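The lines below spell out each chain.
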Amino acid sequence: ETESWHAEWLSQRTPSYDKFWHRKSKKIVLTVLALKHDDDLIFVRACNLEVSMPAGSLCAERNAFGSALAMYPFLSREDFLGVSVLSLTEP
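This one's a predicted model, so the numbers in the text were calculated from it and none came from an experiment.

(A) How the structure looks around the environment of Pro-54. Here Pro-54 is to be found in the loop between β3 (49–52) and β4 (56–58). For Pro-54, a relative accessible area of 80% gives the class exposed. On a C-alpha basis, the gap between Pro-54 and Ser-87 in space is 23 Å, while along the polypeptide they are 33 residues apart.

Structure representation (structure tokens):
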């Protein structure tokens, strides 16, 4: 799933990629969070964001966990199976 997310992310970028989102570290981090609910395997994709200098950044892993809980509020701690992290350099 991480390889698929990486390929899809790269294919959707355009030459006018907005560097605002990674302006401090100039690092892009992609994350895939694996969840199991009932018999379903669910993958949640996320990336890091640097939205405000005073507030710091939102790491990809935290973004994935928050997104998962927002999308699936019924999740319990036992539903979280693992997280994959891929660090990229900004073009």
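(B) Structural detail: the pattern of salt bridges. With the rule as written, the count across this model stands at 2 salt bridges. Through salt bridges with shared partners, a single network forms among Glu-1, Glu-8 and Arg-45.

(C) How the structure looks around the sheet that holds strand β5 (residues 80–89). Spatially, the 3 strands line up as an open sheet ordered β2-β1-β5, and their pairing is antiparallel. Each end of this open sheet is capped by a strand with a single partner; those strands are β2 (40–47) and β5. For this sheet, the mean angle separating the axes of adjacent strands, direction not counted, is 15 degrees. With respect to the sheet, helix α1 (residues 2–12) is in contact with β1 (27–37), β2 and β5, its orientation differing from that of β1 by roughly 135 degrees.

How each quantity is defined
Residues numbered from 1 in each chain as written. Predicted model: local features only at pLDDT ≥ 70, side-chain atom pairs only at ≥ 80, totals over all residues. Heavy atoms only, no water. Helix = DSSP H or I, 4+ residues; strand = E, 2+ residues; numbered from the N terminus. Buried < 20%, exposed > 50% of the residue type's maximum accessible area, 1.4 Å probe, protein only. Salt bridge = Lys/Arg side-chain N within 4 Å of Asp/Glu carboxyl O. Pairing = 2+ DSSP bridges. Axes fitted to C-alpha atoms, helices over the stretch in contact; angles between N-to-C directions. Contact = heavy atoms within 4.5 Å.

Just distances and angles here, no functional claims.
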